[in-house]
Amino acid sequence: MASDIIQQMNSKMEASIDAFKRELVKIRTGRASLALLDGVKVDAYGSQMPMDQVGTLTIPESSMIAIKPWDPQMLPAIEKAILASDLGLTPANDGNVIRLNIPPLTEERRKELVKQVKKIGEEFKVAIRNVRREANDSLKKMKKEKEISEDDMFRLQDDAQKATDDFIKEVDKIVSGKEKEVMEV
């Protein structure tokens, strides 16, 4: 029962790491990536739809994304969704395809993005620590209800701390990798 708490904690922390990686994919580097459009929703047929469900997304060159909607009447809605997003990209519409040119990042913008990456990393570290706190609270409750001994509680809390430290190191490693990627010219 008590080891289940540690297993649940580990799986929640792993899920946090996965969510962190997905979040970082949205931060653009100098190269085009379809993941940039993952969070953009298009108002299509009365509902919010992901960009990849309203058209074909391609990368014809390293600094461009092309969006060819399945329904040409969706062009204005797609443009509007891109402009409303916080991507900072201006769509170019030729009547059939929307092109997004990914401009090279300025040094100042790169530094802003690195700050954003670090901020997101801190948020996920806090989330990981909260998972540890929840596990520790559960262990204390089990000890109080005499389901586990005090020694077991302390041993399991040590295990929780070691796992937390490992996941925090993983977040730091991912942050430094993304930082190198963003600062790369």
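See the structure above.
Reading guide: rules and limits
Residues numbered from 1 in each chain as written. Predicted model: local features only at pLDDT ≥ 70, side-chain atom pairs only at ≥ 80, totals over all residues. Heavy atoms only, no water. Helix = DSSP H or I, 4+ residues; strand = E, 2+ residues; numbered from the N terminus. Rg over C-alpha atoms; globule rule 2.2 N^0.38 Å. Buried < 20%, exposed > 50% of the residue type's maximum accessible area, 1.4 Å probe, protein only. Contact = heavy atoms within 4.5 Å. Areas by Shrake-Rupley, 256 points an atom, 1.4 Å probe, with all protein chains shown as cover. Lys, Arg positive; Asp, Glu negative; His and termini not counted. Charge placed at Lys NZ, Arg CZ, Asp CG, Glu CD. Axes fitted to C-alpha atoms, helices over the stretch in contact; angles between N-to-C directions. Parallel < 35°, antiparallel > 145°, perpendicular 65-115°, else oblique. Nonpolar A, V, L, I, M, F, W, Y, C, P; charged D, E, K, R; others polar. Polar contact = N/O pair within 3.5 Å; in protein donor to acceptor, adjacent residues only side chain to side chain. Pairing = 2+ DSSP bridges. Salt bridge = Lys/Arg side-chain N within 4 Å of Asp/Glu carboxyl O.

K.L.:
An account of the overall build of the protein chain is requested, with residue identities and associated values reported.
P.N.:
For the protein chain, the helix and strand inventory stands at four helices and six strands. Ordered by position from the N terminus, the helices and strands of the protein chain form the series α-β-β-β-β-α-β-β-α-α. A compact globule built from 185 residues should have a C-alpha radius of gyration of about 16 Å, whereas the protein chain, at 22 Å, is more than 25% larger. When each of the 185 residues of the protein chain is scored for burial, the buried share is 39%. Sequence separation of at least 24 residues holds for 65% of the intrachain contacts in the protein chain that already meet a minimum separation of 6. Just so you have it, the protein chain exposes about 10,900 Å², and 50% of that area is on carbon and sulfur atoms. Taking the average location of the 31 positive side-chain charges in the protein chain and that of its 33 negative ones, the two points are 2 Å from each other.

K.L.:
Any details on the packing of helix H1 (residues 2-25) against helix H3 (residues 107-144)? Residues and values, ideally.
P.N.:
A pair of packed helices can be characterised by two numbers: the angle between their axes and the separation between those axes. Relative to each other, H1 and H3 sit at 170°, their axes nearing to 10 Å. Taken together, the axis directions place H1 and H3 in an arrangement best described as roughly antiparallel. Its residues assigned to classes, the contact of H1 with H3 comprises 18 nonpolar, three polar and four charged.

K.L.:
Requested: an account of the side chain of lysine 125, with residues and values cited.
P.N.:
Within the secondary structure, lysine 125 is located in helix H3. Exposure remark for lysine 125: the relative accessible area of 10% places this residue in the buried category. Polar side-chain contacts of lysine 125 include one of 2.6 Å to the side chain of aspartate 172. Not counting residues up to four positions away in its chain, the partners in contact with lysine 125 are Ile168, Val171 and Asp172.

K.L.:
Quick one: what's the story with the packing of H3 against helix H4 (residues 150-183), residue by residue and with numbers?
P.N.:
Packing of H3 against H4 brings their axes to within 10 Å, and their N-to-C directions diverge by 170°. By the angle class used here, H3 and H4 are roughly antiparallel. Class assignment of the residues belonging to the contact of H3 with H4 gives a composition of 14 nonpolar, five polar and 13 charged.

K.L.:
Give me the pairing of strand S2 (residues 47-50): which residues, what numbers.
P.N.:
As defined by bridge partners, strand S1 (residues 41-44) adjoins S2 across four bridges and the pair is classed as antiparallel. When the sheet's bridge partners are listed, aspartate 43 is paired in S2 with glutamine 48.

K.L.:
Describe the pattern of salt bridges, naming the residues involved and giving the relevant values.
P.N.:
Scanning the model with the defined rule gives 12 salt bridges in all. Of the charged contacts in the structure, one is a salt bridge between arginine 133 and aspartate 137, with a shortest N-O distance of 3.9 Å. Placement of both arginine 133 and aspartate 137 in helix H3 is noted, with a separation of four residues, approximately one turn of the helix. Take arginine 133: its relative accessible area is 44%, and that puts it in the partly exposed class. Judged by relative accessible area, aspartate 137 falls into the partly exposed class, the value being 40%. Residue aspartate 159 is joined to arginine 155 by a salt bridge in which the shortest nitrogen-to-oxygen separation is 4.0 Å. Of this pair, aspartate 159 and arginine 155 are both found in helix H4, four residues apart, which corresponds to roughly one turn of the helix. On the accessibility criterion, aspartate 159 (30% relative accessible area) is partly exposed. Each member of the salt-bridge network shares a partner with another, and the members are Glu122, Lys125 and Asp172.

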